[in-house]
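Listed below, chain by chain, are the residues.
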Amino acid sequence: METNEIKKWLSSDIFIFFKQGKPYLWDFRNHRQFEISTEDFSRLSEFAEGSKIKQDKVDQAITEAGILTDGPSNEEEWGWDFLARIYHIGTSHPNAPSPYEPSQHIEYAKSYLDFCQSIHASSPQVLIKKGGTKNLLPTPNYQELINASLWHTLVKRQTCRDFYDETISIESLSTILGGTLGAVDRGHYDSPVGVQRFGYRRTSPSAGGLQATEGYVWVRKVKDITPGIYHYVNDEHYLEEISPLPIDPLSTLLCNQHWCDDLAFAIFFVAKFDVMWWKYPHSRAYRPMLMDIGHLSQTFQLLATALGLQTWLTGYFHDKEINNLLKLTEPKEQVIFVVGAGHGSGSGYDRTVRRLLDENS
Ligand SMILES: Cc1cc2nc3c(=O)[nH]c(=O)nc-3n(C[C@H](O)[C@H](O)[C@H](O)COP(=O)(O)O)c2cc1C
């Protein structure tokens, strides 16, 4: 029996999924999940078209869940598909800010310390070794970087798509790896207030200080290093062998961006999801995971530029095949971004594009 003459509509910020054989509704704007029955499901479909509330248990539960609206969903302007919307809205903070209250500082500090201590016992491995044959690297030589002007380096950095097929020195690779991914300042990474020491610091900031990114190096033309795939051991500064280089060039893994085939080396930035899951189990942490790698990428670009190399970067690649090549344990380790460097002209246009431009000019 319909008792309320006012029509209601189902919110557009929901989706239905199955977990352990049971259907659930996920209200991703308000971060709430509800197990639903077949009756709920068929009623929800009616509300999707607009329906008057009935006075029964099903409608009462749907009303209380707060997923009905007063009008049909107003398709907001959104340039990506629904998946990106679910992710963006679903990881936005659902609550309004609470009023400013200085006395809460002590509660906040206490709960932060309690939280850190409660998770410390189960901390995942952060000093990663894969076990392959060790390849020692020379000590990084930071003198050239110390002498370089920050501003000139920032302005000089550019995305190059025209590399020469030339070898770079092992010192350059060592300095770039050490300066981007290596541990710095370990001795001073102490905590005066009782939070236990965790991991190591790098030159780039990292969400939660977790350093949840590893570097795998595609070595193609670096003096004194056999071409191959290596893992960089951050805290001890050496490379360990993963596998020989595949027969096909790098571009086959990078969606045919053929200008990368003359890079002297490339670094695959791999996220350690398990490290993020440990401290930040909410999927909002996917955002800082990406940003961590963005910071590392920029540090890489600046260091390589300051050493006189040209740089390139990409997020466009065949994930699964790269994960297999690097022998990663999915889903907890996954490639997220690729950067590379070598000698080159510095042109942002690859040679074929330049030729076409020249022909048409
Ligand atoms: C997150 C990100 C992803 C990128 N992906 C690609 C890519 O897949 N292929 C490519 O050739 N360049 C890529 N680039 C480089 C941009 O095209 C380049 O930074 C932009 O054109 C500005 O030029 P500049 O770097 O010389 O200042 C990417 C840059 C960023 C920051």
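Residues numbered from 1 in each chain as written. Predicted model: local features only at pLDDT ≥ 70, side-chain atom pairs only at ≥ 80, totals over all residues. Heavy atoms only, no water.

**Q** Describe the overall build of the protein chain, with residues and values.
**A** From N to C terminus, the protein chain includes 11 helices and 13 strands. In the protein chain, which comprises 361 residues, the share counted as buried stands at 43%. The long-range fraction of contacts in the protein chain, counting pairs at least 24 apart against all pairs at least 6 apart in sequence, stands at 73%. Of the roughly 20200 Å² of accessible surface on the protein chain, 55% is carried by carbon and sulfur atoms. (Helix = DSSP H or I, 4+ residues; strand = E, 2+ residues; numbered from the N terminus. Buried < 20%, exposed > 50% of the residue type's maximum accessible area, 1.4 Å probe, protein only. Contact = heavy atoms within 4.5 Å. Areas by Shrake-Rupley, 256 points an atom, 1.4 Å probe, with all protein chains shown as cover.)

**Q** Describe the sheet that holds strand 4 (residues 32–35), naming the residues involved and giving the relevant values.
**A** Read across the sheet, three strands follow the order 2-3-4 without closing on themselves; strand pairing throughout is antiparallel. Edge positions in the open sheet fall to strand 2 (14–19) and strand 4, since each of these has one partner strand only. Sheet twist, expressed as the average angle between the axes of neighbouring strands with direction ignored, equals 30 degrees. One ladder, built from four bridges, connects strand 3 (residues 22–27) with strand 4; its direction is antiparallel. Residue Asp 27 lies in a different strand from strand 4, and its bridge partner there is Arg 32. (Pairing = 2+ DSSP bridges. Axes fitted to C-alpha atoms, helices over the stretch in contact; angles between N-to-C directions.)

**Q** Help me get a handle on the side chain of Glu 333, residues and values and all.
**A** Within the secondary structure, Glu 333 sits in strand 13 (residues 333–342). At a separation of 2.8 Å, a polar atom in the side chain of Glu 333 contacts the side chain of Lys 130. Those residues in contact with Glu 333 that lie beyond four places of it in its chain are Lys 130, Tyr 216, Val 270, Ala 271, Lys 272 and Leu 328. (Polar contact = N/O pair within 3.5 Å; in protein donor to acceptor, adjacent residues only side chain to side chain.)

**Q** An account of the pattern of salt bridges is needed here, citing residue identities and associated values.
**A** A full pass over the atoms with the stated rule returns 18 salt bridges. Across the pair Lys 8 and Asp 70 runs a salt bridge, and its minimum N-O distance is 2.5 Å. Linking Lys 8 in strand 1 (residues 2–10) with Asp 70 in the loop between strand 6 (68–69) and helix 3 (82–90), this pair joins segments that are 62 residues apart in sequence. For Asp 70, a relative accessible area of 60% puts it in the exposed group. Residues joined by salt bridges that share partners form a network here, namely Asp 162, Asp 165, Arg 220, Lys 221, Asp 262, Arg 351 and Arg 354. (Salt bridge = Lys/Arg side-chain N within 4 Å of Asp/Glu carboxyl O.)

**Q** How would you sum up a nonpolar patch on the surface? Please name residues and give values.
**A** Residues Leu 150, Trp 151, Leu 154 and Val 155 make up a contiguous nonpolar surface patch of about 450 Å² in total accessible area. Summarising the element assignment, Val 155 is placed in helix 6 (residues 150–156). (Patch = residues over 30% accessible without salt bridge, like charges linked within 9 Å, V, L, I, M, F, W, Y side chains within 5 Å.)

**Q** So what's going on with the packing of helix 7 (residues 170–180) against helix 9 (residues 286–306)? Residues and values would help.
**A** Where helix 7 contacts helix 9, the axes come no closer than 9 Å and their chain directions differ by 145 degrees. The crossing of helix 7 and helix 9 is right-handed. Contact residues: helix 7 offers Thr 175, Ile 176, Gly 179 and Thr 180, while helix 9 offers Leu 296, Thr 299, Phe 300, Leu 303 and Ala 304. Across the contact of helix 7 with helix 9, the residue classes break down as five nonpolar, four polar and no charged. (Left-handed = near helix turned anticlockwise from the far one by under 90°. Nonpolar A, V, L, I, M, F, W, Y, C, P; charged D, E, K, R; others polar.)

**Q** Before we move on, could you go through the domain arrangement of the protein chain and cite the residues and values that matter?
**A** By the assigned domains, the protein chain splits into domain 1 (2–90) and domain 2 (117–353). For domain 1 versus domain 2, the separation of C-alpha centres amounts to 43 Å. In this complex, domain 1 contributes four residues to the contact, which on the side of domain 2 involves five residues. Of the roughly 340 Å² buried at the junction of domain 1 and domain 2 (both faces included), carbon and sulfur atoms supply 44%. When the buried area of domain 1 at its contact with domain 2 is split by residue, His 31, Tyr 87 and His 88 rank highest and sum to 89% of it. Viewed at the interface, domain 2 and domain 1 are joined by zero salt bridges. Connecting domain 1 to domain 2 are four residue pairs in polar contact (both at pLDDT 80 or more). (Domains from an automatic or database assignment. Buried area = accessible area lost by both parts, 1.4 Å probe.)

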